[in-house]
Amino acid sequence: MKFSINVEKFMKSLVPVEIIANKKENEGYESAGRITFDVSKDKIVAKAHGGTAAISAVISNDNIPNLNYECKEDGVITIMAEQFMKTLSSFPPSGDITIYMDGQEITASLNVDEDVDEQIQTVFSESGEIKLPNLSSKFKKQATINREIFVDGMDKVQFAMGFEKTVAHYMCQLFEIEKGKARFAAGSGARFAIADIESKNILGANSKQTFIFPKANVSPIISILKNTTSTNITIKESPANVDNSNNPAQIVIDFDEGISLIVLAIDTAIKYPDLNKILEFDYPYKVSSDISQWKYVVVGIEATNTKDIKKEHEMHNANVVAMLDKKVLFMETKSPTKAKRQIKDMKILQQGKTKEPSFCCNSAYILEAYGKGGNSGDVILEFETKEESDDGRVKPVVVRFPEIVNSSKDTLEKFTIFFATSNR
Amino acid sequence: MNEEKQNIYWLKGNYVQRNSIINNIKKSFGDFELFVYDDEYNFKYVEQKILESSCFGNNRLIILNNWPVVKKAGKFVRATDPLKKILSSVPEDCILILNNLQTTSKLFAEEVKKVGKIKEFEQHAQKYHYRLKGDQKLATVWVTDSLKTKDKVINTDNASFLVDAISYNESTVNLDNLFLLLKKLCEYVGNRKKITKEDVFVICSHLRNFVVWSLYDACDKNDIDRCFDLIENCIASARNVGEEVIGIVYSMVWRYKLLFMCKELSVKGVAEKDVWGKLSNIEKLERKGGSNFQIKLSVGVDKKTNVRKKMYSRAMIDSLFKKFRDKDPSVSCYNYNELLFINLALNRALPKIRSLDFVRAGFENAEIVIILKILCMVICGKIKNISQLSFLQMD
């Protein structure tokens, strides 16, 4: 095995592969931390498999300009990703290097003129070639979306994903797409975040498609796609082939030319709850206020959530009262230090029978409502009281943020959070 | 109890029956969100989860496998009182299961009775008919019943073997241990319906209690081959051979001393029914004190009942005088001189084995195993001359 290649281009093409090889969820998986290079005359295929995701990247002069790839001898090698990337970064990015096997070692040698002393770095080769699961040939779902829109949407709601292992169906992120529209959503059961994006750059598919990404893969997907150049990505899903154990259920994301990211460990049985049941509900109370007025109130609430409370994982609740007569949104915390704060100039969009409707909730949700929804424009709060609820089960509080129009990306974004109230 | 509000269950006792109730609740609950907490969680967090409804109006099943904790005077302690205070506020969409939580607080139990149900299952089953109370089941009946639910059949003798294997010398058996052993037995026999004596022996052969108990059985029958087999089985799976052998020899010393005393009383003309009366005066001594130079022996006292512990129980003594399965009563398996010789050999061997184990630090145990086998030869009547035991003399 022997080939020469440009350092900078080679490193850049390996970034997605390295992310999959080294993602933190890989611990204990047999091929964790390793990359296999299948070197042939016209291309290198770099492969990594982290257990819950795998990737195959074609690296060749055809899809990467100025790669200067030249194969002198075919072969297959496996290396430790971290050490190999460090080795590559020890050479000037603009230079070309020759990589070859020398016994059990792999040598990277800077290509220099004959009269200049040789500069080399060696790494050990690893045993065992990384085998990827079979890529499905037939997919039940398929959709295309602008890469930046997808990355922004996934990134926007990622914070809300569930974390308790007993509610595994919330340890995932929802992606719904149809022509011109995409929805990204995540939640823990008690609090959900939803980003609805409209754009003509969302090509979508003929019908509405739903994909559910497992939590373990959301961060790597975002990191990988942030660092690529494709305008669009294609997302495909296929169920497991029951006749072939090497053909598991998978979501495949195709991007750049020749790179396929295979998302594994997906649970096709998960049915994400119907978010529209909450988002389209006509709440008796709808009030709005300028989000910029929330700033000092939220800082005050946060100030009562002391380090000790956080350290001991105690809960910190806030009472929120809409004083309709005074047009004031009153927020209060009592545990154990107190904050009594008011957001003035509240606008009443809809009102029920109670003069001072209120709810109690985890104060962290109030902080998130401020921190995640931008810093200008009117934020709308929708809620109901126990007395006015249908079956005594109070629906969650919905916080709708101002719509954001991004003319450069040609998108219209609606961001919403809803969270459960506490029965205190 | 308030019939309208039964969304709190306090389950106590053996695992299998608790788990069965939890599974029934899950089945009857339909769609639900499950949360499981224990002493790793702060009570305030658990409280929030209990009081916070699901966004989609789903039911919630919250299982507490241990007490959540609260901080009091700088230390984390069980949140018994705070939990008691919120029991009446548990929302209707939430079923709260207190899974085997232990407390002596009567106030807590009273509060649970007011707002929920307490289901208490047995943790131990009695081994003897004459100790049963009320609706209690005999341990062997637990075995046959449990296997019946798995479509398997076992006879009473083999069920009794299983029970004895994990509770030798005890009048009760821990049901959790018994169910685990049954699970292992079912895994072993697979789809086969009838469970044989051989199945039970294979499953139990590595358990020390089973080895000791079977070893006595074999010794009483002078079956030296079976003795050797049992010893090999025992050491093959022992984590520390020296410790295992010393444990067996201590048990032998205890048993043959008792047999000798019973024989001595019989020789003196004491009737079988009066033997317990004579031996029940012997109290169990326990070590107290930290270092070797400060160890004191004093009579052990049961912490729960505050009664002074006895060296031998009535059940133990009775078992020596009873015919068991195809074996004569143990007392009639040996004559006076044989028991005297056995006790002499055992009492010489014990310090020798202990010193060997100490010196070898567990690295070489062949000599210890050989001594155990020689002791079996003595008990089975194969060695009858004291001069053959001269090697047991301490240097």
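Up top you'll find the structure we're talking about.
Keep in mind that what you see is a predicted model, and the values were worked out from it rather than measured.

Conventions used here
- Residues numbered from 1 in each chain as written.
- Chains lettered and ligands numbered in written order.
- Predicted model: local features only at pLDDT ≥ 70, side-chain atom pairs only at ≥ 80, totals over all residues.
- Heavy atoms only, no water.
- Contact = heavy atoms within 4.5 Å.
- Salt bridge = Lys/Arg side-chain N within 4 Å of Asp/Glu carboxyl O.
- Polar contact = N/O pair within 3.5 Å; in protein donor to acceptor, adjacent residues only side chain to side chain.
- Helix = DSSP H or I, 4+ residues; strand = E, 2+ residues; numbered from the N terminus.
- Nonpolar A, V, L, I, M, F, W, Y, C, P; charged D, E, K, R; others polar.
- Pairing = 2+ DSSP bridges.
- Axes fitted to C-alpha atoms, helices over the stretch in contact; angles between N-to-C directions.
- Buried < 20%, exposed > 50% of the residue type's maximum accessible area, 1.4 Å probe, protein only.
- Arc of directions from axis to C-beta.
- Core = buried A, V, L, I, M, F, W, Y, C linked by side-chain atoms within 4.5 Å.

Participant: Account for the interface of chain A and chain B, naming residues and giving values.
Facilitator: The interface of chain A with chain B comprises 31 residues on the first partner and 24 residues on the second. At the boundary of chain A with chain B, the tally comes to zero salt bridges. At the junction of chain A and chain B, the tally comes to seven residue pairs in polar contact (both at pLDDT 80 or more). Within the residue set of the side of chain A that touches chain B, elements represented by two or more residues are β13 (191-199), α5 (276-279) and β27 (411-419) of chain A. Considered class by class, the residues forming the side of chain A that touches chain B number 14 nonpolar, nine polar and eight charged.

Participant: Which residues make up the sheet that holds strand β16 (residues 250-255) of chain A, and what values do they have?
Facilitator: Residue and element names in this part refer to chain A. In space, the eight strands of this open sheet follow the order β6-β2-β3-β4-β17-β16-β15-β10, with antiparallel pairing throughout. Strands with a single pairing partner mark the edges of an open sheet, and in this sheet they are β6 (75-80) and β10 (141-146). On average, each strand axis in the sheet is tilted by 15 degrees relative to the strand beside it, whichever way the strands run. As judged from the six bridges shared by strand β2 (residues 34-39) and β6, these two strands associate in the antiparallel manner. The partner of Val-39 across the bridge, within β6, is Gly-75.

Participant: Tell me about helix α4 (residues 106-115) of chain B, residues and numbers included.
Facilitator: Residue and element names in this part refer to chain B. Looking at α4, one finds that the buried residues are Phe-108, Ala-109, Glu-111, Val-112 and Val-115. Taken around the axis of α4, the buried residues stretch over an arc of 160 degrees, which confines them to a single face. Along α4, exposed side chains directed more than 90 degrees from the buried face belong to Lys-106, Leu-107, Lys-113 and Lys-114. Among the residues of α4, the N-terminal cap falls to Ser-105, whose side-chain oxygen and the backbone nitrogen of Phe-108 are separated by 3.0 Å.

Participant: Explain the side chain of Ser-330 of chain B to me, using residue names and the numbers behind them.
Facilitator: All names here are of chain B. In this fold, Ser-330 is placed in the loop between α13 (314-321) and α14 (336-360). Of note is the side chain of Ser-330, whose polar atom sits 2.8 Å from the side chain of Arg-255. Setting aside chain neighbours within four positions, we find Ser-330 in contact with Asp-220, Arg-255, Leu-259 and Leu-320.

Participant: Lay out the sheet that holds strand β8 (residues 105-110) of chain A with the relevant residues and their values.
Facilitator: Residues and elements named next belong to chain A. The strand order across the open sheet built from five strands is β5-β1-β7-β8-β9, with neighbouring strands paired in antiparallel fashion. Strand pairing shows two members of the sheet lacking a second neighbour, β5 (70-73) and β9 (120-124), which therefore form its edges. Averaged over all neighbouring strand pairs, the angle between strand axes comes to 20 degrees, with direction disregarded. Pairing between strand β7 (residues 96-102) and β8: six bridges, direction antiparallel. In the sheet register, Met-101 faces β8, and the bridge partner there is Ile-106. Here helix α1 (residues 7-22) sits on the sheet in contact with β1 (2-6) and β7, set at roughly 95 degrees to β1. Together, β7, β8 and β9 form the strand contacts of helix α2 (residues 81-89), whose direction differs from that of β9 by roughly 175 degrees.

Participant: Can you break down the nonpolar core residue by residue, with the values?
Facilitator: Core analysis: the biggest nonpolar cluster contains 149 residues, and Phe-10, Phe-37, Ile-145, Phe-150, Phe-213 and Trp-294 of chain A have the highest contact counts within it. For this core, the leading source of residues is α1 of chain A, giving seven residues. Setting aside chain neighbours within four positions, we find Phe-37 of chain A in contact with Phe-10, Leu-14, Ile-44, Val-45, Ala-46, Gly-75, Val-76, Ile-77, Ile-79 and Phe-84 of chain A. Among the nonpolar cores identified, the runner-up in size contains 88 residues, and Leu-185, Tyr-216, Leu-230 and Leu-265 of chain B belong to it.

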